Amino acid sequence: MIRKGNHFDCLSFFMIMYFMYRIVINSFLSIFILFICFVSSAQPVRYVSLQQQTEILEGKRKNTNNIEIYFDNQRHIITRCYHSPKDMITVANSLGEIKTYNPKTREVSYQRVEGLSSKNNVVFFFVNNLTDHLGLADQGFTLVSNQYEGQYYVSVWEAPVSIKNIAKVKMAHQNGVPVYSEYLDNKGKALKKTYYTGYYNLPWFRFPQKVIDIAYQPGGDSTITRTMYKNIEVSDVPDSEYFNFEIPEDAKSVEIN
Amino acid sequence: MKNTIYILFVFIALMGIKPAMASSYTINEPVVDQLFDNAVESDMLSFSSLEMSNAMSASGMALNAEKDAIVAILLDAFLGTLGIHRFYLGTETLSGLAYILTCGGIFGVVPLIDFIVLIINYEDISPFVNNPSFFMWKGHL
């Protein structure tokens with residue numbers, strides 16, 4: 001005679017096996033992520049150069065800019081050579097001190113913007129494998145929750161009091177690299193979403209080929225920025241004059257409007 | 001039997017929810033590529049705007065939101081009944097138009113309160129930047 005409880009016992013057994021499977025898989029994934037971070041961080045990179053193409057789309061109009069980036073990872077100085085809308089060279093250090101030089105007019109301007117520090121950009125974070133929070137912790141953000149959602153490791157960061165218009169940042173990692181981040185305001189509305197895709201796997205670090213930003217404007221419009229990276233080169237010696245570029249001494253200092 | 005069906009339902013629901021949440025972390029790249037392919041190239045950006053787009057983090061977003069309190073106060077003083085100061089600070093289109101639709105912000109009352117609030121909070125007007133509410137000072141008085 002079959003007992004009534006047999007169906008319930010089979011289902012319970014199946015559910016227990018399923019949750020044990022999830023625990024085992026998540027544990028292996030955590031160990032794998034830690035291993036990748038450890039191995040990657042053991043080999044610092046000195047000089048990195050790459051090409052960046054940034055396209056900004058507003059409505060049906062877009063603006064394309066091609067930039068060459070030269071990053072000295074020891075002195076933390078990043079040089080950007082812009083070719084459109086006009087030729088410009090900017091040199092930024094870790095304090096956010098920026099020198100902007102126009103090679104045609106031989107004019108230079110100086111400013112300090114902490115948000116544009118050489119340690120606050122995609123290149124710095126990925127070259128140094130600081131991808132777990134992409135600088136949020138350094139700006140005072142606090143980790144409030146983290147969990148696995150299928151193949152994604154999702155973390156939520158709360159903004160410090162000093163940052164008024166952002167309440168939380170949600171990040172998702174897959175296979176040890178960030179794939180998504182979302183900035184939320186006080187009402188839980190998304191201010192900006194960023195997607196990181198198509199990772200290059202280099203011996204020293206992993207770098208996204210494409211970064212897509214969607215910034216939501218108050219009127220319901222949005223601005224989409226698509227940034228593509230290519231020709232990433234790593235060396236132990238500065239193989240270009242633009243590494244730690246020096247502004248010519250005869251450059252004329254001008255004020256920024 | 002009822003218990004079995006209930007547990008089975010919960011189990012299937014759990015299996016369904018997780019993948020649906022995870023799909024929100026990816027983007028349909030071909031759609032984005034199509035938007036860019038269909039767009040017209042223009043020189044709409046200034047160089048400083050491009051520099052800002054390079055700023056990575058939350059502080060970069062906070063920089064973009066900074067507005068001048070004096071400009072907001074002057075716009076409110078002279079054009080407050082048209083809601084121009086709200087468009088400058090950033091708001092929903094309807095919230096800004098509501099100033100005109102309500103005969104100058106309820107006959108000038110709302111712009112007057114906006115003016116007083118902006119003066120009092122001169123040093124930090126960030127709660128009123130990108131505030132979608134018609135009464136931008138709601139919850140901040």
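Residues numbered from 1 in each chain as written. Chains lettered and ligands numbered in written order. Predicted model: local features only at pLDDT ≥ 70, side-chain atom pairs only at ≥ 80, totals over all residues. Heavy atoms only, no water.

Caption draft 1: Structural view of the overall build of chain B. Of regular secondary structure, chain B possesses nine helices and one strand. What you see in chain B, going N to C, is helices and strands ordered as α-α-β-α-α-α-α-α-α-α. Within the span of chain B, comprising 141 residues, buried residues form 36% of the whole. Summarising the internal contacts of chain B: among those between residues at least 6 apart in sequence, 55% fall at separations of at least 24. If you sum the accessible surface of chain B, you get close to 8,100 Å²; carbon and sulfur atoms cover 69% of it. (Helix = DSSP H or I, 4+ residues; strand = E, 2+ residues; numbered from the N terminus. Buried < 20%, exposed > 50% of the residue type's maximum accessible area, 1.4 Å probe, protein only. Contact = heavy atoms within 4.5 Å. Areas by Shrake-Rupley, 256 points an atom, 1.4 Å probe, with all protein chains shown as cover.)

Caption draft 2: Expanded view of the pattern of salt bridges. By the definition in use, this model includes eight salt bridges over all chains. The residue B:Asp33 makes a salt bridge to A:Lys210 at a minimum N-O spacing of 3.8 Å. Of this pair, B:Asp33 sits in helix 2 (residues 29–38) while A:Lys210 is found in strand 12 (residues 206–216), placing the two residues in two different chains. Residue A:Lys210 is classed as buried on the basis of its relative accessible area of 13%. One network of salt bridges, with partners in common, ties together A:Glu55, A:Lys210, A:Arg226, B:Glu29 and B:Asp33. (Salt bridge = Lys/Arg side-chain N within 4 Å of Asp/Glu carboxyl O.)

Caption draft 3: Spatial organisation of the packing of helix 5 (residues 69–79) of chain B against helix 9 (residues 109–120) of chain B. Residues and elements named next belong to chain B. Between helix 5 and helix 9, the shortest axis-to-axis distance is 9 Å and the interhelical angle comes to 155°. Classified by the angle their axes make, helix 5 and helix 9 are roughly antiparallel. For the element pair helix 5 and helix 9, the recorded crossing hand is left-handed. Residues Ala72, Ile73, Asp76 and Ala77 of helix 5 form the contact with helix 9, whose participating residues are Pro111, Asp114, Phe115, Leu118 and Ile119. For the contact of helix 5 with helix 9, the residue count by class is seven nonpolar, no polar and two charged. (Axes fitted to C-alpha atoms, helices over the stretch in contact; angles between N-to-C directions. Parallel < 35°, antiparallel > 145°, perpendicular 65-115°, else oblique. Left-handed = near helix turned anticlockwise from the far one by under 90°. Nonpolar A, V, L, I, M, F, W, Y, C, P; charged D, E, K, R; others polar.)

Caption draft 4: Layout of helix 5 of chain B. All names here are of chain B. Restricting attention to buried positions, one finds in helix 5 the residues Ala69, Ala72, Ile73 and Asp76. For helix 5, the arc enclosing every buried residue in end-on projection is 100°, short of the 170-degree limit, so these residues lie on one face. The inward-facing, buried residues of helix 5 contact helix 6 (84–89) and helix 9. (Arc of directions from axis to C-beta.)

Caption draft 5: Up close: the confidence of the model for chain B. Residues and elements named next belong to chain B. The share of residues in chain B with pLDDT of 70 or more is 66%, and the mean pLDDT across the chain is 74. Per-element averaging of pLDDT across chain B places helix 4 (residues 58–65) at the bottom with 52 and helix 2 at the top with 91. Here residues 17–21 scores under 50 on pLDDT; set against residues more than four positions off or in separate chains, the count is two contacts. For this predicted complex, the interface confidence score (ipTM) comes to 0.72, while the overall pTM stands at 0.65. (pLDDT = per-residue confidence, 0-100.)

Caption draft 6: Representation of the pairing of strand 13 (residues 222–235) of chain A. All names here are of chain A. Bridging between strand 1 (residues 47–58) and strand 13 involves eleven bridges; their strand directions are antiparallel. Opposite Leu57, over in strand 13, you have Ile224 as the bridge partner. By the bridge criterion, seven bridges tie strand 12 to strand 13 in an arrangement that is antiparallel. If you follow Val211 over to strand 13, its bridge partner there is Thr227. In this antiparallel pair of consecutive strands, strand 12 and strand 13, the connection spans five residues, and Gly220 shows a positive phi of 100°. (Pairing = 2+ DSSP bridges.)

Caption draft 7: Representation of the side chain of A:Asn102 in the model. All names here are of chain A. With respect to the helices and strands, Asn102 occurs in strand 5 (residues 97–102). A residue is classified by how much of its surface remains accessible, and Asn102, at 13% relative accessible area, is buried. At 2.9 Å, the side chain of Asn102 forms a polar contact with the backbone nitrogen of Lys104. Those residues within four positions of Asn102 in sequence are excluded, and the remaining contacts are Asp87, Met88 and Glu107. (Polar contact = N/O pair within 3.5 Å; in protein donor to acceptor, adjacent residues only side chain to side chain.)

Caption draft 8: Region of the structure containing the environment of A:Asn66. For A:Asn66, the location among the structural elements is in strand 2 (residues 61–72). The spatial distance from the C-alpha of A:Asn66 to the C-alpha of A:Cys81 is 8.5 Å, given a sequence separation of 15 residues.

Caption draft 9: Local environment of the environment of A:Tyr216. Residues and elements named next belong to chain A. Summarising the element assignment, Tyr216 is placed in strand 12. C-alpha of Tyr216 to C-alpha of Leu191: the two residues are 25 residues apart in sequence and 5.3 Å apart in space. In this structure Tyr216 touches Ala190, Leu191, Lys192, Lys193, Asp221 and Ser222, once residues within four positions along its chain are discounted.

Caption draft 10: Broad picture of the environment of A:Gln209. Residue and element names in this part refer to chain A. Residue placement: Gln209 occurs in strand 12. Overall, the relative accessible area of 36% leaves Gln209 in the partly exposed class. Separated by 19 residues in the primary sequence, Gln209 and Met228 place their C-alpha atoms 5.5 Å from one another. The residues touching Gln209, leaving out its near neighbours within four places in the chain, are Thr197, Gly198, Tyr199, Tyr200, Thr227, Met228 and Tyr229.

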